[in-house]
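Examination of the molecular architecture
One-letter residues, chain by chain:
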Amino acid sequence: PAQQYAGHTSYGQAWDACGALDITWGPGSMAGESDATIIAKLRAAIAPQLPAPPGTIAIDAEFTWKAATACPLEVECAIVDATHPDRAEVWAGMQTPIVASQAVALDLGLPLGAVTAHVIPSGGAFGRRLFWDPVQVAAQLSKQTGRICKLMYHRTDDIRHTRHRPPQVHKVRAAVLPPTLLLPGNVLSYQQGIGIVRLDARHGYGEIGTATAGSLPPAVVQTVGNMNYEQFFFLTMVSSPYNYGVGKKLLFPVAIEMNTVSYRSVHIQPARTVEEVITDEIAAKVGKDPVAFRLEFLRLDRAKACLQRVAGAAQWGRAMPPGFAQGVGVHQESRSFSACIVELDARDRNNCKVTKVVMAIDVGRVISPSGVEQQCLGGICEAISLVLKTGLNIKDGLPLEGSYNQYQWLRMRDFPKDVQIIIMPNSTGAPAAGMGEVAMSAPSGAIANAYARATGIKPRNFPLNAQPVFTPTPPGQLPPPAVA
């Protein structure tokens, strides 16, 4: 095959050449692992929680989130020229081009400044391109062949053999003081423990120094440096907007040798969605409307203002047909505040659909209103996908999904036609705040809560919709070409 395809340059020819190879593949680092074994390890990693005080109502719940992958429209690709003895050149979509070029220089035995990196405006794939493995592969091939290498993953590789958002288990215990004739109900404590496949953060902060520090000691799945980076991300980003007495969220990373990456809001969106679900359940225990309960327990006025605005605009509490329901969620992150109310069609419980979204967002000083609106629309897309539709099914160490026909990301038909984004006025004179992933958590919580209200089923395992049945492409093989 090498002689037959020598000199061919098109992707189709490279595809045919790959298919002609007879390769025996090894088991890989995840051999024997499946969704069940991974979840069992994550569950076991969470430390026991303190018992609820006497006289309180304990709300105990466990939630699971499947692994997910960025699956961008553009698969991973890179062009590298490593044909010169003293320099190299890279063209690729990269989020960390400095450390990528430095790492490639070390791989090729060159000085750190000998690699020129051209960042192609192709998007960051929502965190996937924090790592530069396609660049590394192309660099090695270019050096070994003495030719410029253009490397492009096919879709199955991009889903199965890329980096994933790690699967998670969340255990929650809330202690609630029941209402009496003299005192209203109150939340005395909130505990949330999160077992997660360790997040690979060995890209550091974008240059070789912190990347090396995060990789020490070498050849260890969960390094001390990587653990510190992940805990720093978690502790500085995941907070609660509510006055829940003694509140505690703890992260318990598990050193499973899965290729992971910070694909969008990897800690925040699942943790906050879980808290929003429990908030609705606490409100039910004390006999209060979910919006009224939140307005009582939200800590900051800007969060309350978003919720009040969205409740009015969405006509919270209006009568809904059987099988339909509203749901609410609130979130704060990066000095931004958001609230969201969705309407859900759950007549088919295996295929629920969001029909309407009203979202209020307060980012302080607004620099680009259209940019804020676009980020909100993107956050709603992500929320619908991750809460209702999207997750990887892992068997014997490998995701079964191999293409878009199996990996159920949101399609245009899944996006609601009725969406209203309300950008709150900067009445406090606050400076511009963050908008990167802020718009994911409130819609996620709202969708999950609408599901609970519409179906009477407590949302516990995400995604909530039934996963389609399909025949996976065997490992090491390519899927058949699509036929128009």
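Our structure's up above, just so we're on the same page.
Residues numbered from 1 in each chain as written. Predicted model: local features only at pLDDT ≥ 70, side-chain atom pairs only at ≥ 80, totals over all residues. Heavy atoms only, no water.

**Side note on a nonpolar patch on the surface**
Rules: Here, patches come from residues exposed beyond 30% relative accessible area and free of salt bridges, joined within 9 Å for like charges and within 5 Å for nonpolar side chains (Val, Leu, Ile, Met, Phe, Trp, Tyr). Each accessible area is a Shrake-Rupley result for a 1.4 Å probe, and residues are judged covered by the shown protein chains and nothing else. Throughout this description, the term salt bridge denotes a Lys or Arg side-chain nitrogen within 4 Å of a carboxyl oxygen of Asp or Glu. Think of it this way: any DSSP run of H or I at least four residues long counts as a helix, any run of E at least two long counts as a strand, and we number them from the N terminus.
Together, L21, I23 and W25 give the surface a local cluster of nonpolar side chains, amounting to about 340 Å² of exposed area. Along the chain, the position of I23 falls in the loop between α1 (11–20) and α2 (35–45).

**Focus on the pattern of salt bridges**
Heads up, the condition is: Burial here depends on accessible area, computed with a 1.4 Å probe over protein chains only, as a share of the maximum for the residue type. Under 20% is buried, over 50% is exposed, and the range in between is partly exposed.
Enumeration according to the criterion identifies 26 salt bridges in this entry. Put simply, E296 and K288 hold a salt bridge, and the shortest N to O gap is 2.5 Å. The exposure class assigned to K288 is partly exposed, which follows from its relative accessible area of 24%.

**Overview of unusual backbone geometry**
Excluding glycine, residues mostly have negative phi values, and the peptide bonds linking residues are mostly trans. Look at the link from L216 to P217: it is a cis peptide, with omega at -10°. Along the chain, P217 turns up in the loop between α6 (208–213) and α7 (224–237). In this model, F462 is joined to P463 through a cis peptide bond whose omega is 5°. The topology assignment puts P463 in the segment after β17 (461–462). With a phi angle near 55°, Q315 is a residue other than glycine that sits in the positive phi range. Among the secondary structure elements, Q315 is positioned in the loop between α10 (301–313) and β11 (324–333).

**Some thoughts on the nonpolar core**
Rule in force here: To qualify as a nonpolar core, a set must consist of buried Ala, Val, Leu, Ile, Met, Phe, Trp, Tyr and Cys residues joined through side-chain atoms within 4.5 Å. Residues are treated as being in contact if the distance between any of their heavy atoms lies within 4.5 Å.
Counting residues in hydrophobic clusters, the biggest one holds 121 residues, and the most contacted among them are V135, I278, I282 and L388. Per-element accounting of this core gives the leading share, eight residues, to helix α11 (residues 369–389). The contacts of I278, once residues within four sequence positions are left out, are I59, A61, F63, V172, A174 and Y190. Listed in part, the seven residues of the second largest apolar core include I194, V238, I268 and A271.

**Re the sheet that holds strand β12 (residues 336–345)**
Keep this limit in mind: Strand pairing is assigned whenever DSSP detects at least two bridges linking the two strands. Each axis is a line fitted through C-alpha atoms, taken for helices only over the stretch in contact, and angles between the N-to-C directions span 0 to 180 degrees.
Taken in spatial order, the four strands line up as β11-β12-β13-β16 in an open sheet, and their pairing is mixed. Strands with a single pairing partner mark the edges of an open sheet, and in this sheet they are β11 and β16 (418–423). Across this sheet, the average inter-strand angle for adjacent strands is 10°, counted without regard to direction. Sheet topology places β11 next to β12; ten bridges connect them, and they run antiparallel. Within β12, the residue paired with A325 across the bridge is L344. Against the sheet, α10 makes contact with β11, β12, β13 (353–362) and β16, and its axis sits at roughly 30° relative to β12, the strand it touches most.

**Some points on the pairing of strand β1 (residues 57–65)**
Two elements, β1 and strand β8 (residues 168–177), share nine bridges in a ladder whose sense is antiparallel. Within β8, the residue paired with A61 across the bridge is V172.

**Digging into the sheet that holds strand β5 (residues 115–119)**
Across the sheet, which stays open at both edges, the four strands sit in the order β5-β4-β3-β6 with mixed pairing between neighbours. The open sheet has two edge strands with one neighbour each: β5 and β6 (149–152). The average angle at which neighbouring strand axes cross in this sheet is 15°, direction not considered. Bridge analysis of strand β3 (residues 77–81) against β6 gives four bridges, and the strand direction is antiparallel. Residue pairing in the sheet places V80 in a bridge with C149 of β6. Along the sheet, helix α4 (residues 133–145) makes contact with β3, β4 (88–92) and β6, crossing β3 at roughly 35°.

Function-wise, these values are silent; they only describe arrangement.
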